[in-house]
Amino acid sequence: MSPTDRTASSDDIEVRDYVVNQRNGVKGLVDFLTLTTLPYPYIQPPQERFTSDKILVGSPVPVIDVSNWNDPNVAREICHAAKTLGMFQIVNHGIAPEELKGIITAARGFFELPAEERRRYWRGSSVSETAWLTTSFNPYKESVLEWRDFLKFEYLPQEHDFAITWPLVCKEQVIDHFKKIKPITEKILNILINNLNSIIDESNKDILMGTMRMNFNYYPKCPEPSLAIGTGRHSDINTLTLLLQEDGVLGSLYARATEDGDKWIHVPPIPGAIVVNIGDVLQVLSNDRYRSVEHCVVVNKCCSRVSIPVFCGPVHDSVIEPLPEVLENNETARYRKIVYSDYLKGFFERPHDGKKTIESIKLP
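Numbering of residues starts from 1 in each chain and follows the order in which that chain's sequence is written. Whole-chain, interface and lining totals are the exception, using all residues; otherwise, since this is a predicted model, local features are given only for residues with pLDDT of at least 70 and side-chain atom pairs are given and counted only at 80 or more. Neither water nor hydrogens contribute to the side-chain values; these are computed over all heavy atoms in the structure.

The name an unreviewed UniProt entry gives the protein is Feruloyl CoA ortho-hydroxylase 2-like, with Camelina sativa as the organism. The annotation that UniProt attaches to the protein under Sequence similarities (unreviewed entry) is "Belongs to the iron/ascorbate-dependent oxidoreductase family." UniProt positions are given in the numbering used here, feature names are shortened, and annotations may be inferred rather than shown by experiment.

As structure tokens, then:
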């Protein structure tokens, strides 16, 4: 029977119930069952499957050495990458390789906890107000699930006990990673905003970097990876994302090469590197000078994979619109203003669907 011939059965309904409603996630599913075929709730429609003919060969993602942030070439390379692909990798950023390996180990440590312990953090009933676990992307809205579980952390250093109930297996490493990533994010944003003839100050700091969140993404082995997707195609809705990939798992992360085509560039894991991608907020603030990059994650038959993105973005009541500095020469604004909480609502109310959220606020 071909994948397109498969139809939902009572067993498939039970799969979704076990994964979502019983709060086991896809990790719980693969631990409980020996899967030889992909369960029906995870079979993507043909147009959403990632196939090898979509890969653009010979167009590597830029790798930028940031050992000297004051080097004009560093700023030039970062701005060029932000304008073209919307993604680049940085090396020699100051976070030691053993620290990066430590947070990857901590993430795996959480997903190796017993199911009942992981379940304590399930979204909607988590023991923590600033950390919660779920599966797929929006499992109660999606007709097809993504092959992923993720644990999300919210960084609130102004609150003394914000991390008191975080899992002990990873708490220390998560706090440390937030602290190490924040100044790197500030340096990149300073470069990008200065290039727009603006500066980061009290008037826009909450818009650019008012919040920080982190995911532990876990992608289990998949019996039929060609039929599934780890994370569906989307652009990030925040300002800037700094992603740590697990070493050694190739063919996982892909970025759309151009806005109007269906060719994708592989983003390989480089030991010690951090992937940086531009989010929708920067595309709006820059009035399209910078490009938020659409990307997706493919899963693997032979091994599981962990990735750790840190999302830097606005506070929820921020108003998002093109910066005054980019409109100084009578340039027309390409986006209508929107409160960021409304933008978030539009993104999370539907499954991953490319860049439809930012397209929804584009002016004719």
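Draft legend 1. A look at the overall build of the protein. A run of H or I in DSSP becomes a helix once it reaches four residues, and a run of E becomes a strand once it reaches two; helices and strands are each numbered from the N terminus. What the protein contains, in helices and strands, is 10 helices and 14 strands. We compute the radius of gyration over the C-alpha atoms and compare it with the globule rule, which gives 2.2 Å times the number of residues raised to the power 0.38. Radius of gyration (C-alpha) of the protein: 20 Å, near the 21 Å computed for a compact globule of 364 residues. Projected onto its principal axes, the C-alpha positions of the protein cover 60 × 45 × 40 Å. Think of it in three bands: with a 1.4 Å probe and only protein chains considered, a residue is buried below 20% of the maximum accessible area for its type, exposed above 50%, and partly exposed in between. Relative to its full complement of 364 residues, the protein shows a buried share of 54%.

Draft legend 2. Representation of the sheet that holds strand β6 (residues 231–234) in the model. Pairing between two strands is assigned when DSSP locates at least 2 bridges connecting them. The 4 strands lie next to each other as β6-β11-β8-β9, forming an open sheet whose pairing is antiparallel. Each end of this open sheet is capped by a strand with a single partner; those strands are β6 and β9 (264–266). Strand after strand, the sheet turns through a mean of 20° between neighbouring axes, direction not considered. Of the pairings in the sheet, the one linking β6 to strand β11 (residues 295–297) comprises 2 bridges and is antiparallel in character. Within the sheet, the bridge partner assigned to H234 lies in β11 and is H295. Axis angles are defined between N-to-C directions and span 0 to 180 degrees, where every axis is a line fitted to C-alpha atoms and, for a helix, only to the segment in contact.

Draft legend 3. Layout of the pattern of salt bridges. A pair is scored as a salt bridge if a Lys or Arg side-chain nitrogen falls within 4 Å of a carboxyl oxygen belonging to Asp or Glu. Per the stated rule, a full pass over the model turns up 18 salt bridges. A salt bridge links D176 to K180, with the nearest nitrogen and oxygen atoms 3.4 Å apart. Highlighted residues: D176 and K180, both in helix α6 (residues 171–194), separated by 4 residues, approximately one helical turn. On the basis of relative accessible area, D176 is assigned to the partly exposed category, the value being 31%. Residue D288 pairs with K362 through a salt bridge whose shortest N-O separation is 3.0 Å. In this pair, D288 is assigned in the loop between α8 (280–285) and β11 and K362 in the segment after α10 (356–359), connecting sequence segments 74 residues apart. Judged by its relative accessible area of 22%, D288 is partly exposed. Assessed through its relative accessible area of 41%, K362 is described here as partly exposed. Ionic contacts of the salt-bridge type, sharing partners, join the residues E48, K54, R233, R256, D262 and E294 into one network.

Draft legend 4. Broad picture of the layout of surface pockets. Empty space within the largest pocket amounts to approximately 980 Å³. In this analysis the probe radius is 1.4 Å and the grid spacing 1 Å, with only protein atoms considered; a cavity is a set of points the probe fits into but cannot get out of, a pocket is an open set with protein on both sides within 12 Å along at least five of seven lines, and lining residues have an atom within 4 Å of a point. Considering the residues around the largest pocket, the lining is formed by 46 residues, among which F137, K152, N215, F311 and F348 are closest to the centre. Per element, the largest residue contribution to the lining of the largest pocket is 6 residues, and it comes from strand β12 (residues 305–313). Classification used: nonpolar for Ala, Val, Leu, Ile, Met, Phe, Trp, Tyr, Cys and Pro, charged for Asp, Glu, Lys and Arg, polar for all others including Gly. For the lining of the largest pocket, the per-class residue count stands at 22 nonpolar, 16 polar and 8 charged. Grid points are joined across faces, edges and corners, and a volume is the space filled by probe spheres set on the points.

Draft legend 5. Structural context of the packing of aromatic side chains. Pairing of aromatic side chains requires ring centres within 6.5 Å, counting the rings of Phe and Tyr and the six-membered ring of Trp. Pairs whose planes differ by under 30 degrees are stacked, by over 60 edge-to-face, and all others tilted. Inspection of every chain in the model, using the stated rule, returns 17 aromatic pairs. Aromatic pair F153 and F216: ring centres 5.1 Å apart, planes at 70°, arrangement edge-to-face. Of this pair, F153 sits in strand β4 (residues 149–154) while F216 sits in strand β5 (residues 211–219); the two residues are 63 residues apart in sequence, bridging distant segments of the chain. Exposure class is identical for F153 and F216. Each is buried. Note on F347 and F348: the rings are 5.0 Å apart at their centroids and 80° apart in plane angle, and the pair reads as edge-to-face. Relative accessible area serves as the criterion here: at 8%, F347 is assigned to the buried category. Among the aromatic residues, those joined into a ring-pair cluster are F153, Y155, F162, W166, F178 and F216. When the ring centre of W132 is taken as origin, the NZ or CZ atom of R123, which lies over that ring, is 4.1 Å away. Whether a charge lies above a ring is judged from NZ of Lys or CZ of Arg, which has to be within 6 Å of the ring centre and within 35 degrees of the ring normal.

Draft legend 6. Region of the structure containing helix α3 (residues 72–83). For a helix, the expected span equals 1.5 Å multiplied by the number of residues minus one. Taking 1.5 Å per residue as the helical rise, α3 with its 12 residues ought to reach 16 Å, and the 17 Å between its terminal C-alpha atoms agrees with that figure. Every buried residue of α3 is listed here: V74, I78, C79, A81 and A82. Seen along its axis, α3 keeps its buried residues to an arc of 160°; they face one direction. Summarising the geometry of α3, the exposed residues directed more than 90 degrees from the buried face are P72 and H80. Residues of α3 that are buried make contact with β1 (63–65), β2 (87–91), α6 and β10 (274–278). In this context, the arc is that of the directions from the helix axis out to the C-beta atoms. Only heavy atoms matter for contacts: two residues are in contact if any of them lie within 4.5 Å across the pair.

Draft legend 7. Spatial organisation of empty space enclosed by the protein. Applying the stated criterion across every chain, the model contains 3 cavities of 30 Å³ or more. Lining the largest cavity are R23, N24, G25, F111, A115, R118, R119, W122, L133 and D149. In terms of residue count, the dominant contributor to the lining of the largest cavity is helix α5 (residues 115–119) (3 residues).

Draft legend 8. Just the sheet that holds strand β7 (residues 240–245), in detail. If you trace the 8 strands from one edge of the open sheet to the other, you get β1-β2-β10-β7-β12-β5-β4-β3, paired in mixed fashion. Looking at which strands have only one partner, the edges of the open sheet turn out to be β1 and β3 (131–135). Here the average twist between neighbouring strands, direction ignored, is 25°. Contacts between helix α2 (residues 25–32) and the sheet are confined to β3, β4 and β5, with β4 contributing the most and set at about 145° to the helix.

Draft legend 9. Up close: unusual backbone geometry. For N92, which is not a glycine, the phi torsion comes out positive at approximately 55°. The residue N92 is located in the loop between β2 and α4 (97–111) in this model. Located in the positive-phi region is N330, a residue other than glycine, with phi close to 60°. Classification of N330 by relative accessible area gives exposed; the value is 75%.

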